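# Chain and residue survey
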Amino acid sequence: MTAAPAPTTVLVIAKEPLPGRVKTRLTPPYTPAQAAELAEAALRDTLRAVRAMPARRRVLVLEGRPGSWLPAGFDVRPQGTGGLDERLAAAFAATTGPALLIGMDTPQVTPGLLAPALAPDAWRHCDAWFGAAADGGFWALGLAAPDPRLLRGVPMSTATTGAAQRARLTAAGLRIRELPVLRDVDTAADAAAVAAAVPGGRFAAALARLTPAAGR
């Protein structure tokens, strides 16, 4: 029997890992070049996890240019303009059918964590998947029917962003299922905690290699 095609498109929203453009809150203790190296490792881990899962399409929604860190199997789409809410809204607006969007700040994500939202029955009695971040934001948002109005105007990068976004979904009458809470990598303390949680990834290896240098 032929397996049913995967119903969901996975969107990964990311920045090209360039010094001074990514992970600026890691500087100090890390240099801009080291912060960019950590960002690239986080992005590689994230893309590897997505690549391992069934998906209708895998799309990298990118600010910048793709590099050698991009594996096969991904389409690349440029990010829209405006604030983060507008860019997230544009990513969904350009997608047909169910979509799950994640960022590049949670390199501890695994295929197992993504599996519930990418299963063939992920949208049965469900309109949205929501993955809260420990800092008050969110790391994942899935919509059965992508609607950019669900994101536009949500205040981003605050301690209440996740609550505001979830409230927007609830106000629209959507049936929501939860993904696990994950910790974003923003600070050096975040990086250490995430690497300790998933010691076998590229991110943890990069952090182990760079941390002694950062401490000198």
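Refer to the structure above for everything that follows.
Described below are features of the structure shown in this document. (Residues numbered from 1 in each chain as written. Predicted model: local features only at pLDDT ≥ 70, side-chain atom pairs only at ≥ 80, totals over all residues. Heavy atoms only, no water.)

## Brief notes about the nonpolar core
- Core analysis: the biggest nonpolar cluster contains 31 residues, and Val-12, Leu-100, Ile-102, Leu-114 and Trp-139 have the highest contact counts within it.
- Elements that contribute at least two residues to this core include exactly strand E1 (9-15), helix H1 (32-51), strand E2 (57-63), strand E4 (99-102), helix H3 (111-118), strand E6 (138-143) and strand E7 (176-182).
- No other element matches the six residues that H1 contributes to this core.
- Residue contacts for Ile-102: discarding those within four places in its chain leaves Leu-11, Val-12, Ile-13, Thr-46, Val-50, Leu-114, Trp-139 and Ala-140.
- Formed by 21 residues, the second largest nonpolar core is a distinct cluster that contains Leu-11, Ala-89, Phe-92 and Leu-150. (Core = buried A, V, L, I, M, F, W, Y, C linked by side-chain atoms within 4.5 Å. Buried < 20%, exposed > 50% of the residue type's maximum accessible area, 1.4 Å probe, protein only. Helix = DSSP H or I, 4+ residues; strand = E, 2+ residues; numbered from the N terminus. Contact = heavy atoms within 4.5 Å.)

## A short note on the sheet that holds strand E3 (residues 75-78)
- On the basis of which strands lie adjacent, the open sheet formed by seven strands has the order E3-E2-E1-E4-E6-E5-E7 and mixed pairing. The open sheet is flanked by E3 and E7, the only strands paired with a single partner. Across this sheet, the average inter-strand angle for adjacent strands is 20 degrees, counted without regard to direction.
- In this structure, E2 lies alongside E3, joined through four bridges in parallel fashion. In the sheet register, Val-61 faces E3, and the bridge partner there is Arg-77.
- Running at roughly 175 degrees to E1, H1 makes contact with E1, E2 and E4 of the sheet. (Pairing = 2+ DSSP bridges. Axes fitted to C-alpha atoms, helices over the stretch in contact; angles between N-to-C directions.)

## A word on the pairing of E1
- The element E1 is extensively covered by neighbouring structure, given that six of its seven residues are classed as buried.
- Note on the crossover from E1 through H1 to E2: the handedness is right-handed. (Right-handed = clockwise from strand over helix to strand, strands pointing away.)

## Some words on the pairing of strand E5 (residues 128-133)
- Summarising burial for E5: five of the six residues are buried, a large majority.
- Strand direction decides the pairing type here: E5 and E7, joined by five bridges, are parallel. From the neighbouring strand, Ala-128 faces E7, where its bridge partner is Ile-176.

## Notes on helix H2 (residues 84-93)
- Those residues of H2 lying buried are Asp-85, Arg-87, Leu-88, Ala-89, Ala-91 and Phe-92.
- Buried residues in H2 make contact with E1, E2, E3, E4 and E6.

## Some words on the pattern of salt bridges
- Within this structure, the stated rule accounts for 12 salt bridges.
- Notably, a salt bridge pairs Arg-21 with Glu-63, separated by 2.8 Å at the nearest N-O pair. Here the residue Arg-21 occupies a position in the loop between E1 and H1, and Glu-63 occupies one in strand E2, the gap between them amounting to 42 residues.
- Note that Asp-127 and Arg-175 form a salt bridge whose closest N and O atoms lie 3.0 Å from each other. Pair noted here: Asp-127 is in the loop between H3 and E5 and Arg-175 is in the loop between helix H4 (161-171) and E7, with a separation of 48 residues, a long-range link.
- Since its relative accessible area comes to 19%, Asp-127 is described here as buried. (Salt bridge = Lys/Arg side-chain N within 4 Å of Asp/Glu carboxyl O.)

## Details of unusual backbone geometry
- Across the junction of Thr-27 and Pro-28, the peptide omega takes the value -10 degrees, indicating a cis bond.
- A cis amide bond, omega 15 degrees, links Pro-28 with the succeeding residue Pro-29.
- One non-glycine residue, Lys-23, lies in the positive phi region at around 50 degrees.
- In this structure, Lys-23 sits in the loop between E1 and H1.
- Even without a glycine there, the phi angle at Ser-157 is positive, about 60 degrees.

These figures come from the coordinates and say nothing about function on their own.
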